[in-house]
Amino acid sequence: MAEHLRVAIIGAGFGGLGAAIRLRRDGVRDVAVLERADDLGGTWRDNSYPGCACDVPSHLYSYSFALNPNWSRAYSPQEEIWAYLRRVADDAGIEPRYGVDVTAAAWNEDDRRWDLTTSKGPLTADVLVSATGPLCEPAVPKLPGLESFAGTVFHSARWRHDHPLEGRRVAVIGTGASAAQFVPEIVARVEHLDLYQRTAPWVLPRRDHPLGERARSLYRAVPGLQRATRTGIYAMRETFYYNFRVAKRGRFAEKVARRFLASQVRDPELRAKLTPDYAVGCKRIILSDDYLRSLGRANVSVVTEGIQEIRPESVVAADGSVRAVDTIILGTGFHVTDMPIAEKIVGRDGRSLAEVWQGSPRAHLGTTVSGFPNLFLVLGPNTGLGHNSVVIMIEAQLGYLSKALAHMTRTGAHAIEPLPSAQQAWLDEVDRMMAGTVWTAGGCNSWYLDATGRNSTLWPGTTLGFRRRLSRFRPSEYEALI
């Protein structure tokens, strides 16, 4: 017989580990974290490219119940965040099951449970928590001839540390947050770097700096001081939302970005290439102190004509120009609105999440989905942020999960799922809030938008508003299966 769990959690990143810790504190037993890799950490395990770091201040990018007084910098590097997650899991006694790849999860209507197929055998669970995260599956563009390239190709999230870059002719495709971090780190090592830019990002100074031992000692001795610092950073970041609520309000940020660009790039022709033609915030803002400056080096070319094809030893741009390369690095982002996990989770009517969503992910409160009993999504649709820390959103969802399970225990319900009317009312509210924001009216085509053109990625409000909405479980919004 298959092992039965009260709660099965897919993914051992911030969401999955946080869910396991919260459920353990609630006294919920028979909880397992299923992780396909051989270690925890999620995106902070997978993204180990040079210069990888968080673009949210360190004190805010952590669980509220496990502050870290030992961050070495204002913006934490990848290896410190990964070590932080391992330490938090150890302290809480959370031991994920590694090498367990969930290949299918189907709701069993007769037994009121989830039937899971995994690489280590079958499992069943009363409740399924999907915490795979939006940044777990690298997106590889369909470039003509890419498969014929004779050199080395890799995505930034699957960095080839065994491939030396010294003396190489490198093509970097993509100018998002990852490229903005690794390009300054590798540019001095390569012979030449061609940066293929489809759309220029807005770049603001990061102002990163070391956190000295004196400050760390104070935080260790007076935990309340760090919590006050965190609260101050949170409040400041929360106000950023109002720059994005109406597309035209970001003009001050645009002035700062333009001045910063002018100070970093003296060449007017290059500066023109690096000047966006859309509102600040429409696409993800890049925070970097050295990205723009690195593009002015003599061994860097910024190519804006697009790519026509890849040949065995070169890249052909849309204008017909040919550039010899031996290494291609893809900084092309992730499958965010078309997450592969959606194809594996099948609801009560035999359709998968992907089939139900039809290219546009939708969920009640970004957390539960009509037709999928006892399924909880962590960082589901419309829970991403353009102004604050997603860890805050995660904790709000974990609190909601806790309240939902407590309600089921209290009432004796075997399962709950949101009413279609409640889910639609929430989606209508989100879409009303989204209208006119920089994320939909800012004049760009970003990865926030799904195949239908809807912004199903971001939460168009304050984190305070989201937390308030998820602070109470409303039974009237759900159908209970007794």
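One can find the structure itself at the top, above this paragraph.
All residue numbers refer to positions counted from 1 along the written sequence of the respective chain. The model is predicted, so local features are restricted to residues of pLDDT at least 70 and side-chain atom pairs to those at 80 or more, both for listing and for counting; the totals for chains, interfaces and linings are taken over all residues. As a rule here, side-chain values come from all non-hydrogen atoms in the structure, and water together with hydrogens is ignored.

S.K.: Mind laying out the sheet that holds strand β8 (residues 169–173), listing which residues take part and the relevant values?
M.R.: Strand pairing follows a simple DSSP-based rule, namely that at least 2 bridges must link the two strands. Each helix corresponds to a stretch of at least 4 residues labelled H or I by DSSP, and each strand to a stretch of at least 2 residues labelled E; elements are numbered beginning at the N terminus. In space, the five strands of this open sheet follow the order β7-β16-β8-β9-β12, with parallel pairing throughout. Taken across any chain shown, the strands that pair with only one partner, and hence form the sheet edges, are β7 (152–155) and β12 (300–303). When strand polarity is set aside, the average angle formed by the axes of neighbouring strands in this sheet is 15°. Inspection of the sheet shows β8 paired to strand β9 (residues 192–196) by five bridges, in the parallel sense. Along β9, the bridge assignment pairs Arg-169 with His-192. Axis lines are fitted through C-alpha atoms, for helices just across the contact stretch, and the angle between N-to-C directions can take any value from 0 to 180 degrees.

S.K.: Describe in detail unusual backbone geometry, supporting the description with residues and values.
M.R.: For Leu-365, which is not glycine, the phi torsion reads 60° and is therefore positive. By the secondary structure assignment, Leu-365 is in the loop between α10 (353–357) and β18 (375–377). Note on Leu-365: relative accessible area 0%, which makes it buried. Notably, Leu-379 is not glycine yet its phi reads approximately 55°, a positive angle. Mapped onto the fold, Leu-379 is located in the loop between β18 and α11 (390–411). With a 1.4 Å probe rolled over the protein chains alone, any residue whose accessible area is under 20% of its type maximum counts as buried; one over 50% counts as exposed, and the rest are partly exposed.

S.K.: Hey, could you go over the packing of aromatic side chains for me, with residue numbers and the actual values?
M.R.: The rule is short: rings of Phe, Tyr and Trp, with Trp giving its six-membered ring, pair when the centres are within 6.5 Å, and they are stacked under 30 degrees, edge-to-face over 60, tilted in between. Per the stated rule, a full pass over the model turns up 19 aromatic pairs. Between Phe-244 and Trp-439 the ring centres are 5.6 Å apart and the planes differ by 55°, which places this aromatic pair in the tilted class. Residue Phe-244 is found in helix α6 (residues 223–244), and its partner Trp-439 is found in helix α13 (residues 438–441); the two are separated by 195 residues along the sequence. The class for Phe-244 is buried, based on a relative accessible area of 7%. Among the residues examined, Trp-439 registers a relative accessible area of 2% and is labelled buried. Look at Trp-426 and Trp-459: their rings are 5.5 Å apart centre to centre, the planes differ by 5°, and that puts the pair in the stacked class.

S.K.: Now, about the packing of helix α1 (residues 14–25) against α11: what can you tell me, with residues and values included?
M.R.: At a minimum axis distance of 10 Å, the contact between α1 and α11 shows a crossing angle of 40°. As summarised for this structure, α1 and α11 are arranged oblique, according to the angle between their axes. Crossing of α1 against α11: the hand is right-handed. Contacts between α1 and α11 involve Phe-14, Gly-15, Gly-18, Ala-19, Arg-22 and Leu-23 from the former and Val-391, Ile-394, Leu-398, Gly-399, Leu-401, Ser-402 and Leu-405 from the latter. Amino acid classes used here: Ala, Val, Leu, Ile, Met, Phe, Trp, Tyr, Cys and Pro are nonpolar; Asp, Glu, Lys and Arg are charged; the rest, including Gly, are polar. Class assignment for the residues of the contact of α1 with α11 results in eight nonpolar, four polar and one charged. We call two directions roughly parallel when the angle between them is under 35 degrees, roughly antiparallel when it is over 145, roughly perpendicular when it lies between 65 and 115, and oblique otherwise. Here a crossing is called left-handed whenever its near helix is offset anticlockwise from the far helix by less than a right angle, and right-handed whenever the offset is clockwise. Contacts: residue pairs with any heavy atoms within 4.5 Å of one another.

S.K.: Explain the sheet that holds strand β15 (residues 322–324) to me, using residue names and the numbers behind them.
M.R.: The three strands are arranged β13-β14-β15 in an open sheet whose pairing can be described as antiparallel. Of all strands in the sheet, those bounded by a partner on one side alone are β13 (307–311) and β15. Strand-to-strand, the axes of this sheet are offset by a mean angle of 20°, without reference to chain direction. Strand direction decides the pairing type here: strand β14 (residues 314–317) and β15, joined by three bridges, are antiparallel. Along β15, the bridge assignment pairs Val-316 with Val-322.

So yeah, pure geometry; function would need other evidence.
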